[in-house]
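Chain residues, written in single-letter form:
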Amino acid sequence: MASSNKQQGGGKAAAPGQQDEELDPKFDWLDNASNFLLRLTLTGFKKEDFRVQVDGTGKLTVRGQRPAAGGKHIRFHKVFQLPSNASIDDITGRFEANVLTITVPKRPAAAVPPATVQEIKQHAKTTTKQEEEDAAKKKLDEEEARKKKQEDEAKKKKLEEEEARKKKLEDEAKKKKLEEDEAKKKKLEEDEAKKKKEDEARKKMLEEDEAKKKKKKLEEEAMAKRGKQDQQQEHKPATERKEQDKAEPAAPGLVDRESLAERLEHLADMRWADGVVETARRNKEVIATAVAAFSVGFFVSQKLFCRR
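Residues numbered from 1 in each chain as written. Predicted model: local features only at pLDDT ≥ 70, side-chain atom pairs only at ≥ 80, totals over all residues. Heavy atoms only, no water.

**Student:** Explain the side chain of Thr101 to me, and be specific about the residues and the numbers.
**Tutor:** Position of Thr101 among the secondary structure elements: in strand β9 (residues 99-105). The contact partners of Thr101, leaving out residues within four places of it in the chain, are Leu38, Arg39, Thr92, Gly93 and Arg94. (Helix = DSSP H or I, 4+ residues; strand = E, 2+ residues; numbered from the N terminus. Contact = heavy atoms within 4.5 Å.)

**Student:** Describe the confidence of the model for the protein, listing the residues and the values that go with them.
**Tutor:** Where the model shows low pLDDT, its predicted coordinates should not be examined in detail. Confidence in the prediction for the protein averages 77 pLDDT; 65% of positions are at 70 or higher. Averaged over each element, pLDDT in the protein is lowest for strand β1 (residues 3-7) (40) and highest for β9 (94). The low-confidence segment residues 1-17, where pLDDT is below 50, has 37 contacts with residues more than four positions distant or belonging to other chains. Low pLDDT, under 50, characterises residues 250-255; the predicted model gives this stretch 4 contacts beyond four residues in sequence or across chains. (pLDDT = per-residue confidence, 0-100.)

**Student:** Tell me about the sheet that holds strand β6 (residues 59-67), residues and numbers included.
**Tutor:** For sheets, the rule is that strands pair by backbone hydrogen bonds, running either parallel or antiparallel. Pairing is mixed in the open sheet, where 4 strands are placed in the order β2-β7-β6-β5. The open sheet has two free edges, formed respectively by β2 (21-22) and β5 (50-54), since each of these has just one partner strand. Pairing between β6 and strand β7 (residues 73-81): 9 bridges, direction antiparallel. Note that in β7 the partner of Pro67 across the bridge is His73. (Pairing = 2+ DSSP bridges.)

**Student:** Any chance you could break down a negative patch on the surface for me, citing the residues and the numbers?
**Tutor:** A cluster of acidic residues, Asp141, Glu142, Glu144 and Glu151, forms a negative patch on the protein surface. Relative to the helices and strands, Glu151 resides in helix α1 (residues 117-234). (Patch = residues over 30% accessible without salt bridge, like charges linked within 9 Å, V, L, I, M, F, W, Y side chains within 5 Å. Areas by Shrake-Rupley, 256 points an atom, 1.4 Å probe, with all protein chains shown as cover. Salt bridge = Lys/Arg side-chain N within 4 Å of Asp/Glu carboxyl O. Lys, Arg positive; Asp, Glu negative; His and termini not counted. Charge placed at Lys NZ, Arg CZ, Asp CG, Glu CD.)

**Student:** How would you sum up the nonpolar core? Please name residues and give values.
**Tutor:** Leu38, Leu42, Phe76 and Ile102 are the most contacted members of the largest nonpolar core, which has 19 residues in total. Broken down by secondary-structure element, the contributors of at least two residues to this core are β3 (27-31), β4 (35-41), β6, β7 and β9. Aside from chain neighbours lying at most four places away, what touches Ile102 is Phe36, Leu37, Leu38, Val52, Leu60, Val62, Ile91, Thr92 and Gly93. (Core = buried A, V, L, I, M, F, W, Y, C linked by side-chain atoms within 4.5 Å. Buried < 20%, exposed > 50% of the residue type's maximum accessible area, 1.4 Å probe, protein only.)

Structure, rendered in structure tokens:
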């Protein structure tokens, strides 16, 4: 007669703040004459949502995961140790009406007694507890990893902000230095232009002073020469002076300008003749001729008066 053992399991909600929900599915373990039967109730799961594995030691693992509301997932992970007389190479399974049925054929009777249902249940309990501990440890590791990631991102962001601030300060300092250099360069150019302008004005002034000095020197030389000639003229006999006076042009308008200028230089010691000399130097022929005619007439009359 086949014997059976049933264990009731239920869903276990994840702790607040956890991403996924761990499920402890209901399962039944049946033992008959030729097979072991494992039935797991997987409500809401599809065939492609879980998988079954068995290793060489007879450890049967059933795990699965399906999406749930709010972006979460419902998952489970169950491990069963098969009896030593289980034929692990001939295991079959089917999934119908939310129930997964795994059939494990028995091997022919062996010297080693098969594991009892109580042993299987005890092992399932131990495995479930270990899985819970592993899941809790995994969650702690994930939380630590999340915190570390956040810290790394915060450090990276702070470094980037510091680099950006440092770069901004450097750019502002470079810009300010360029502006100061441009201002200095412009001021130097303005000072250079001002100095050049002042030098040119100073040079022009020196040239004008030199020209005035040169002109004054020529005038003084001309006056000295004319004074010497007048002195020589005074020492000539009266008859020679009369002949020379007769030889002078009668028409004042035809007087040579250079000769007139030389004669007017002799009148420089007379105050009234200053304006006449300056006017004659401007080369305005009409005024110069009139002034010269008047001056020569006055000069001749003075000479004649003195001789009498």
